[in-house]
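Spelled out, the chains give:
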Amino acid sequence: MQLKYRGATRSACFSALIVLVSLALATPVKAQDEEVVDVPPVVITGIGILGGFPTGEFGENVKNPGIGLSGFVGYMIPRTPAVIGLDLGYLIYGHERRTEQFSLTIPDVHVDVVTENNIFSMNAFLRLQTKTDPLRFYVEGVVGFHYLFTSTSIENVDRSPFSGEDIVSSTNLDDFAFTKGVGGGLLIELWRGGEDRTPQNRSLRTVSLDFRMRYLDGSQADYLKRGDIVRRSGTAELNITKSTTDLITAHIGIALDF
């Protein structure tokens, strides 16, 4: 049953990839006699909100989606539709907060104890991107890793999110999972400038909305879910889960061309 589900997910992702490749190859070509004065961009970068949706064995164990941030930078290879780059992502897929006495000897001081399940990701990508504005489609292949970790920290009760560092924190469990996958997206141009751009002066050229989906096939790793730390008689027991770590991600953000 698990193999059928995973196979269906991969088939759907590759079908979407084929559609996006077709759109990329269908880019109109400008007339040869048109005067080209635009200086093509070389660097593209961006940041946005990242959603993560566990799937496969990972989805059977982690029922809730994660949310976080992601950013990337890429080099647009001149005279080709290819972009190579690196992106980083950070997701929280589990969060618990409780109020406790600071210690048995200081019962009149209370603190918040916060436990979070996190995924930090790093991926290298190769992207094929259409050049027509204001809509640009792209497809990409990625390879990288997930760093899954659960941490517990002590904070002041009702502290402001911007009030400073934790009082103390500790990593309860961490592990790495290697990933590979495919993705696709759409850039919608919001602003265009850079009329005075030259090869020596590459000012900001465009600002675009960036919508992206990816399927990441993750290797096996140990991790904790929300509620997997059981506290008994002054000790903490970890209910560790081990499985593949497949993940579907959705990125919505802003992309800048230079």
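Please refer to the structure higher up on the page.
This report concerns the structure included in the present document. (Residues numbered from 1 in each chain as written. Predicted model: local features only at pLDDT ≥ 70, side-chain atom pairs only at ≥ 80, totals over all residues. Heavy atoms only, no water.)

**Brief notes about a nonpolar patch on the surface**
Point 1. Taken together, Phe-102, Ile-106, Val-109, Ile-167 and Val-168 make up a surface patch of nonpolar side chains, about 390 Å² in accessible area.
Point 2. Secondary-structure assignment places Val-109 in strand β4 (residues 106-129). (Patch = residues over 30% accessible without salt bridge, like charges linked within 9 Å, V, L, I, M, F, W, Y side chains within 5 Å. Areas by Shrake-Rupley, 256 points an atom, 1.4 Å probe, with all protein chains shown as cover. Salt bridge = Lys/Arg side-chain N within 4 Å of Asp/Glu carboxyl O. Helix = DSSP H or I, 4+ residues; strand = E, 2+ residues; numbered from the N terminus.)

**A word on the side chain of Thr-249**
Point 1. Mapped onto the elements, Thr-249 comes out in strand β12 (residues 247-257).
Point 2. Not counting chain neighbours up to four residues away, the residues in contact with Thr-249 comprise Leu-50, Gly-51, Gly-52, Arg-212, Met-213, Arg-214 and Leu-216. (Contact = heavy atoms within 4.5 Å.)

**Structural notes on the sheet that holds strand β6 (residues 168-192)**
Backbone hydrogen bonds are what pair the strands of a sheet, in a parallel or an antiparallel way.
Point 1. Pairing is antiparallel in the closed barrel, where 8 strands are placed in the order β1-β2-β3-β4-β5-β6-β7-β12. Averaged over all pairs of adjacent strands, the angle between strand axes in this sheet comes to 25°, irrespective of strand direction.
Point 2. Summarising the sheet, strand β7 (residues 206-218) and β12 pair through 11 bridges and their orientation is antiparallel. Within the sheet, the bridge partner assigned to Tyr-215 lies in β12 and is Ile-248. (Pairing = 2+ DSSP bridges. Axes fitted to C-alpha atoms, helices over the stretch in contact; angles between N-to-C directions.)

**Some remarks on the side chain of Glu-189**
Point 1. Looking at the secondary structure, you find Glu-189 in strand β6.
Point 2. Within polar-contact distance, the side chain of Glu-189 engages the side chain of Arg-192 at 3.1 Å.
Point 3. With residues near it in sequence (within four places) discarded, Glu-189 still touches Asp-133, Pro-134, Thr-206, Val-207 and Ser-208. (Polar contact = N/O pair within 3.5 Å; in protein donor to acceptor, adjacent residues only side chain to side chain.)

**Observations regarding the pairing of strand β9 (residues 229-232)**
Point 1. Examined bridge by bridge, β9 and strand β10 (residues 235-238) share 4 bridges and lie antiparallel to one another. If you follow Arg-232 over to β10, its bridge partner there is Thr-235.
Point 2. Hairpin remark: β9 followed by β10, antiparallel, with 2 residues in the connecting loop; positive phi at Ser-233, about 50°.

**Concerning the pairing of β6**
Point 1. In this sheet, β6 lies alongside strand β5 (residues 135-156) in antiparallel orientation, the contact comprising 20 bridges. Along β6, the bridge assignment pairs Leu-135 with Ile-188.
Point 2. Here 13 bridges tie β6 to β7, and the two strands are oriented antiparallel to one another. When the sheet's bridge partners are listed, Ile-188 is paired in β7 with Leu-209.

**Examining the packing of aromatic side chains**
Point 1. Applying the stated criterion across every chain, the model contains 6 aromatic pairs.
Point 2. With a centroid separation of 5.0 Å and an interplanar angle of 80°, the aromatic rings of Phe-58 and Tyr-223 are classed as edge-to-face. Here the residue Phe-58 occupies a position in helix α2 (residues 56-61), and Tyr-223 occupies one in strand β8 (residues 220-223), the gap between them amounting to 165 residues. As far as the burial class goes, Phe-58 and Tyr-223 line up, both buried. (Phe/Tyr/Trp six-rings, centres within 6.5 Å; stacked < 30°, edge-to-face > 60°. Buried < 20%, exposed > 50% of the residue type's maximum accessible area, 1.4 Å probe, protein only.)

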